[in-house]
Amino acid sequence: MTARLEQLASRATVRIGPYDAPDELWGSGFFVAPGWVLTCAHVLPPGQDAESVGELRVRGHQLDAPARLAYRLGGGTDPDQDLALVRLPDPPPPHACVRLTDHYDPPHRVTALGWRTPKGGQPQSWSGHSECNGRDGPYGLTLAPHMEIPHGASGGPLLDRDRGVVAGIVKARRANKDGGLAVAVTALRGFRAARPVGDEDTLGADPYAALIRAHDLWHRRAVGGMSWVRTQSDTCRGAERAWGPRDSAEASALLAALPRPDSPAVLQRTIALVLGYEPLWEDELAPLDWRDGQGWVHDEPDGADIIALHYLLAVAHMCRDRSPDAVAALEHWVKARVQALPDYLGALLRSRTEDTDALGAACRADDDQGPVVAVELEPDPYRPGDRFHWRVWTWPDGPETARVLEEDAADEGVPLTELPEALDEPLGRAFRRFDAQGRLTRLELALPVEHFGTHVHTWPLGARREVVLRCLKRRGEPAAVWRDRWGALAVSDLKPLPVQPDYAQEALATAPPGAVPVLCRPPRQSEGPLTEAIGAGYGVALWSLKNEHARACGTDCGELYGTAARLLDSARATAVPERLRLLREKNDETDWTHHIALLYDDPRRPIPLRDDVLDAP
């Protein structure tokens, strides 16, 4: 199957070196899109930073062209960092491009390609056969010792001989070990946060998405001897109706014309709804773009074609409002492909997609304005006022989708003052998954009332997003009074309810349905009224984080109540967290909005008891 594809891969493989020394070989690379060469970052001269590499020379089949380093990942030697993109000048000379896999699982039989320099000779092309016999981290592929990877081959393509696609990038021999190491194609997703070199901006804000789109569009247009897809189709064996290389290429190109998913969480929700189960993807390998979703349709028991077409229809419904013309083209292609199915399979697909409008609506639905990330802070039983154990929850959809993403592994917990640093990485991972274009995921912090003075909105990851507090004691099934009070807020005009410590119980008990308690003293002076408000079922409340005063209220209290009135005026309860965020963004740090905290405790999405924890995705 692979003899012809190996020839095409060889034509797409180049050698890289300094421009003024044409026979000096630094390493290999290969074309993944017009004018774009993928390689390993470590093939560049050691000790040189990206900006000082200068002009490169790329040479290959009927190709000798200048080039420049355009993007690189973190700069380390780990597989997830050891990648770089080299750009040829526009317009690039004609060249072949490899086709990248959309599978998630590692390949088995592989061919590595690249360049080498024989002792005393000129650079020459090289290839070798081996097997992928394991993984090394999320992106590392270990290669069996069936071949010896020569110096200079690093950066070349790793061809999956069974599927006829490129599954990785050759990295190196394994030091003091047999075999070699390659980087899985899934590591390309790291280019979403790639570092452009100099003033490079060709691939825009999301280099990964732009590169993959250019890759897929090239393979749809390529014809004749340069067509990888045609060669793959001519030699691919399988059922006549199976989801084949041309189907994958056509669908990928049509998906490339659509706007990006609002967030990785939206895409992942779409895939799970189509498959009927939640894939157990690792965080590093979770899909980011529409094309990634196709990687989950292979080898499905009901047929990859049925699942793939269902997925494409779901994506079309997700994007219809934003890109009607591109969606129409996708749906036209799907319709033609459905007509090629046997009647009973066409009927099966139609039965699955009769409610595609509802599926699209479910995928788009943002219960209470989107996914939410919450941190549960449990006081250490031996030092309850000093240290906390944390747990990160998320609700990708509605109340039944609660998941624990990560939790504290320290036996003694973490001091409150060190929580921002301890939570920086786990929260960063959660937000990268759920943040959408134009909307940052809300951060909710559940902790005891006596710690409601915590300035969570000033934490580094809370500075630009909605930040609210929740009561830790409200875990589990919501009390009826809490549900009733929340329901009343939804149908009432919100009004601030000033609460004084001496008259809190009476004021809270007799307040109208839309009342929102406002406490002019910080929690250390108003812990009692806050506790009474929570006991009375209030799910929304505001309080001062400064303004300590033991005697009668003054001017500062009046300013606080005025701020609360502006915040709540003509607002729905679900809009209050975003309103507060916008006011903080608009005003400087002297404004009252930066010195008040918000209780926003939604009984439709309570923090579960530990016995109710669902399996993490």
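Thresholds applied
All residue numbers here refer to positions counted from 1 along the written sequence of the relevant chain. Owing to the predicted nature of the model, reporting of local features is limited to residues with pLDDT of at least 70; listing and counting of side-chain atom pairs is limited to 80 or more, with chain, interface and lining totals taken over all residues. Side-chain measures here rest on the full set of heavy atoms in the structure, leaving out hydrogens and waters. We count a stretch as a helix when DSSP gives it H or I for four or more residues in a row; a strand needs E for two or more, and each element gets its number in order from the N terminus. Think of it in three bands: residues with accessible area under 20% of the maximum for their type are buried, residues over 50% are exposed, and the middle band is partly exposed, with areas taken using a 1.4 Å probe on protein chains only. We call two residues in contact when some of their heavy atoms are within 4.5 Å. Accessibility throughout is a Shrake-Rupley quantity obtained with a 1.4 Å probe, and a residue counts as covered only by protein chains that appear here. Only four residue types enter the tally: Lys and Arg on the positive side, Asp and Glu on the negative side; His and the chain ends are excluded. Lys charges are placed at NZ, Arg charges at CZ, Asp charges at CG and Glu charges at CD. Looking at any residue, its pLDDT shows the predictor's confidence there, from 0 to 100. Criterion for a salt bridge: a side-chain nitrogen of Lys or Arg within 4 Å of a carboxyl oxygen of Asp or Glu. Only rings of Phe, Tyr and Trp enter the pairing, Trp through its six-membered ring, and a pair is recorded when the two centres are within 6.5 Å. The plane angle decides the type: under 30 degrees is stacked, over 60 is edge-to-face, the rest tilted. Here, the arc refers to the directions that run from the helix axis to the C-beta atoms. Any residue with relative accessible area above 30% and no salt bridge may belong to a patch, with like charges joined within 9 Å and the nonpolar Val, Leu, Ile, Met, Phe, Trp and Tyr side chains within 5 Å. DSSP calls a pair of strands paired once it identifies at least 2 bridges connecting them. Axis definition: a line fitted to C-alpha atoms, over the contacting stretch in the case of helices. Angles run 0 to 180 degrees between N-to-C directions. Note on terminology: a nonpolar core comprises buried Ala, Val, Leu, Ile, Met, Phe, Trp, Tyr and Cys residues joined through side-chain atoms within 4.5 Å. When an angle is under 35 degrees it counts as roughly parallel; over 145 it counts as roughly antiparallel; between 65 and 115 it counts as roughly perpendicular; any other value is oblique. Left-handed describes a crossing in which the near helix is turned anticlockwise from the far one by less than a right angle; the clockwise case is right-handed. Basically, the charged four are Asp, Glu, Lys and Arg, the nonpolar ten are Ala, Val, Leu, Ile, Met, Phe, Trp, Tyr, Cys and Pro, and anything else, Gly included, counts as polar. In protein, a polar contact means a hydrogen-donor-capable atom and an acceptor-capable atom, both N or O and within 3.5 Å, with residues adjacent in sequence counting only if both atoms are side-chain atoms; elsewhere, any N or O pair within 3.5 Å suffices.

### Quick word on the overall build of the protein chain
If you tally the helices and strands in the protein chain, you get 16 helices and 23 strands. Considered along the principal axes of its C-alpha atoms, the protein chain spans approximately 90 × 65 × 45 Å. The buried share of the protein chain, taken over its 617 residues, is 56%. The long-range fraction of contacts in the protein chain, counting pairs at least 24 apart against all pairs at least 6 apart in sequence, stands at 67%. When the accessible surface of the protein chain is totalled, it reaches about 26,900 Å², and 49% of it is carbon and sulfur. Within the protein chain, the 90 negative side-chain charges are centred at a point lying 4 Å from the centre of the 70 positive side-chain charges.

### Structural notes on the confidence of the model for the protein chain
Put simply, the protein chain has an average pLDDT of 86, and 90% of its residues get 70 or more. Taking the mean pLDDT of every element in the protein chain, the minimum, 51, falls on helix α10 (residues 356-364) and the maximum, 97, on strand β2 (residues 27-33). Overall, residues 612-617 carries pLDDT values under 50, and its contacts beyond four positions in sequence, including any with other chains, amount to 12 contacts.

### Concerning the pattern of salt bridges
Inspection of the entire model under this criterion finds 36 salt bridges. A salt bridge links glutamate 406 to arginine 429, with the nearest nitrogen and oxygen atoms 2.8 Å apart. Here glutamate 406, found in strand β16 (residues 403-407), pairs with arginine 429, found in helix α11 (residues 419-434); they are 23 residues apart in sequence, far enough to count as distant. Put simply, glutamate 585 and arginine 581 hold a salt bridge, and the shortest N to O gap is 3.2 Å. Note that glutamate 585 and arginine 581 are positioned in helix α16 (residues 576-586) at a spacing of 4 residues, about one turn of the helix. Salt bridges sharing partners connect three or more residues here, namely Arg442, Glu444, Glu466, Arg470, Arg474, Asp601, Asp602, Arg604 and Arg605.

### Quick look at the packing of aromatic side chains
Considering all chains together, one arrives at 5 aromatic pairs under this definition. A centroid spacing of 6.0 Å and a plane angle of 45 degrees characterise the contact between tryptophan 36 and tyrosine 71, whose relative ring orientation is tilted. Remark: tyrosine 71 occurs in strand β5 (residues 63-72) and tryptophan 36 occurs in strand β3 (residues 36-39); sequence separation between them is 35 residues. Geometrically, the ring pair formed by phenylalanine 452 and tryptophan 543 is stacked, given 5.0 Å between the ring centres and 5 degrees between the ring planes. Here phenylalanine 452 is found in the loop between β18 (442-447) and β19 (467-471), whereas its partner tryptophan 543 is found in strand β22 (residues 540-544), with 91 residues between them in sequence. Overall, phenylalanine 452 belongs to the buried group, its relative accessible area being 0%. Judged by its relative accessible area of 0%, tryptophan 543 is buried.

### Observations concerning helix α12 (residues 480-490)
Within α12 the residues assigned to the buried category are Trp482, Arg485, Trp486, Ala488 and Leu489. Within α12, the buried residues cover an arc of 160 degrees as seen down the axis, which keeps them to one side. Exposed side chains of α12 directed beyond 90 degrees from the buried face belong to Ala480, Asp484 and Ala490. Contact partners of the buried residues in α12: α13 (504-510), β21 (515-519), β22 and β23 (596-600).

### Topic: a positive patch on the surface
A contiguous patch of positive charge, built from Arg4, Arg11, Arg230 and Arg246, is present on the exposed surface. If you trace the backbone, arginine 4 turns up in helix α1 (residues 3-12).

### Some remarks on the sheet that holds strand β10 (residues 157-160)
Reading around the circumference, β7-β8-β9-β12-β11-β10 is the order of the 6 strands in this closed barrel, with antiparallel pairing throughout. When strand polarity is set aside, the average angle formed by the axes of neighbouring strands in this sheet is 45 degrees. Here strand β11 (residues 165-173) pairs with strand β12 (residues 180-184) via 5 bridges, running antiparallel. Paired with valine 170 across the bridge in β12 is alanine 182.

### Topic: the nonpolar core
In this structure, Val375, Phe452 and Trp543 are the most contacted members of the largest nonpolar core, which totals 40 residues. Looking at which element gives the most residues to this core, the answer is α11, with 6 residues. If sequence neighbours within four positions are ignored, phenylalanine 452 has contacts with Leu447, Leu469, Arg470, Cys471, Pro523, Leu530, Ile534, Trp543, Leu545, Ala597 and Leu599.

### Some thoughts on the pairing of β2
Along β2, 7 of the 7 residues are buried, which leaves the element largely enclosed by surrounding structure. In the sheet, strand β1 (residues 13-18) pairs with β2 via 4 bridges, with the strands oriented antiparallel. Among the inter-strand pairings, valine 14 is bridged to a residue of β2, identified as glycine 29. Hairpin connection, β2 to β3: the antiparallel pair is bridged by 2 residues, and glycine 35 has positive phi, about 80 degrees.

### Thoughts on the environment of alanine 41
Relative to the elements of secondary structure, alanine 41 occurs in the loop between β3 and β4 (55-60). Along the backbone, alanine 41 and glycine 155 are 114 residues apart, and their C-alpha atoms lie at a distance of 8.2 Å. For alanine 41, the residues in contact, after removing those within four places along its chain, are Arg72, Gln81, Asp82, Leu83 and Ala84.

### What to know about the packing of helix α4 (residues 245-256) against helix α8 (residues 324-339)
For the pair α4 and α8, interaxial distance at closest approach is 9 Å and the crossing angle is 160 degrees. By the criterion of interaxial angle, the relationship of α4 to α8 is roughly antiparallel. α8 is crossed by α4, and the crossing has left-handed handedness. Contacts between α4 and α8 pair Asp247, Glu250, Ala251, Leu254 and Leu255 from the former with Ala329, Leu330, Trp333 and Arg337 from the latter. Classifying every residue of the contact of α4 with α8 by side-chain character gives 6 nonpolar, no polar and 3 charged.

### Remarks on the pairing of β11
For β11, the tally of buried residues reaches 7 of 9 residues, placing the bulk of the element in the interior. Relative to β11, β10 is paired through 4 bridges, and the arrangement is antiparallel. If you follow leucine 159 over to β11, its bridge partner there is valine 166. In textbook terms, the turn of a hairpin is the stretch between consecutive antiparallel strands, and for β10 and β11 this stretch comprises 4 residues, one of which, glycine 164, has a positive phi near 75 degrees.

### Looking at the side chain of arginine 189
Here arginine 189 shows up in the loop between β12 and β13 (195-196). Only 3.1 Å separates the side chain of arginine 189 from the backbone oxygen of alanine 286, close enough to count as a polar contact. Ignoring anything within four residues of it in the chain, the contact list for arginine 189 reads Tyr104, Tyr208, Leu285, Ala286, Pro287, Leu288 and Asp292.

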